[in-house]
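# Coordinate analysis (summary)
This is what each chain is made of:
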Amino acid sequence: QVQLVESGGGLVQAGGSLRLSCAASGRTFSVYAMGWFRQAPGKEREFVASIIWSGGSTNYADSVKGRFTISRDNAKNTVYLQMNSLKPEDTAVYYCAVRPGTSRKYEYWGQGTQVTVSS
């Protein structure tokens, strides 16, 4: 099992920035990748960004490329999502998730943190 705790959400004006953090604990040695997802009201959860834990390769949704940056601190077992040039359409609950090396999907999820971007 891997436990995840997100932090850093809040209210920001359009054009502003926020940094989300996600601290992992438990069987962190089993982590293959960590990702950020989001779910806006009335919409399905969507992929935002991911990072391979050992090599650091990243992947982004087209909607956030050039504005969001995912990074990790292996020593702290923490992944970050730096969000710049925020838009009202970025408003959502943001979740971090872990894909273990033994799985092809994200198995562990955090509780989510609210990000609200006002126009």
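Conventions and cut-offs
Residues numbered from 1 in each chain as written. Predicted model: local features only at pLDDT ≥ 70, side-chain atom pairs only at ≥ 80, totals over all residues. Heavy atoms only, no water. Phe/Tyr/Trp six-rings, centres within 6.5 Å; stacked < 30°, edge-to-face > 60°. Helix = DSSP H or I, 4+ residues; strand = E, 2+ residues; numbered from the N terminus. Buried < 20%, exposed > 50% of the residue type's maximum accessible area, 1.4 Å probe, protein only. Lys NZ or Arg CZ within 6 Å of the ring centre and 35° of its normal.

This part covers the packing of aromatic side chains. Taken as a whole, this structure holds 4 aromatic pairs when the rule is applied. Centre to centre, the rings of Phe37 and Phe47 are 5.7 Å apart; their planes meet at 75 degrees, and the pair counts as edge-to-face. A residue pair is termed long-range when its members are at least 10 positions apart, and Phe37 in strand β4 (residues 31-39) and Phe47 in strand β5 (residues 46-52) qualify at 10 residues. Given a relative accessible area of 26%, Phe47 falls into the partly exposed group. Among the aromatic residues, those joined into a cluster by ring pairs are Phe37, Phe47, Tyr106 and Trp109. One Lys or Arg, Arg45, reaches over the ring of Trp109 and ends 3.8 Å from the middle of that ring.

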